[in-house]
Amino acid sequence: MSAWDKWRGRLGTVLGTVGLSVFIPVAAWASSGSGEIVVRAGQNARPAKPGFSGFDCCLMVLFGIGLLVVLYIKLARNRPPD
């Protein structure tokens, strides 16, 4: 497989993903009422509670995994060869 074919496949995948990520939500929004959902969501919104949310917890876990990977790589490089 030539390099051009590989890059053409990758570019097609990226463009397809971007297209679907844009057009599917737009089609869903257009099929619903003009702004009823947005207004209803604004009326039902509750003020944010202090403390950790699920997103904060996820970021902490990802940061911890990243830190462990960096430390492992650093220790593996400093080891003398067998």
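Refer to the structure presented above.
Residues numbered from 1 in each chain as written. Predicted model: local features only at pLDDT ≥ 70, side-chain atom pairs only at ≥ 80, totals over all residues. Heavy atoms only, no water.

Caption draft 1: Fine view of the overall build of the chain. For the chain, the count of helices and strands is three helices and zero strands. Ordering the α and β elements of the chain from the N terminus gives α-α-α. The burial tally for the chain puts 1% of its 82 residues in the buried class. Accessible surface, the chain: about 8,000 Å² in total, of which carbon and sulfur atoms supply 71%. (Helix = DSSP H or I, 4+ residues; strand = E, 2+ residues; numbered from the N terminus. Buried < 20%, exposed > 50% of the residue type's maximum accessible area, 1.4 Å probe, protein only. Areas by Shrake-Rupley, 256 points an atom, 1.4 Å probe, with all protein chains shown as cover.)

Caption draft 2: Main features of the pattern of salt bridges. If you walk through the whole model with that rule in mind, you get one salt bridge. Its salt-bridge partner being Arg-8, residue Asp-5 comes within 3.4 Å of it at the nearest N-O pair. One end of the pair is Asp-5 and the other is Arg-8, both in helix H1 (residues 3-31) and three residues apart, which spans about a single turn. Asp-5 sits in the partly exposed class, given a relative accessible area of 27%. (Salt bridge = Lys/Arg side-chain N within 4 Å of Asp/Glu carboxyl O.)

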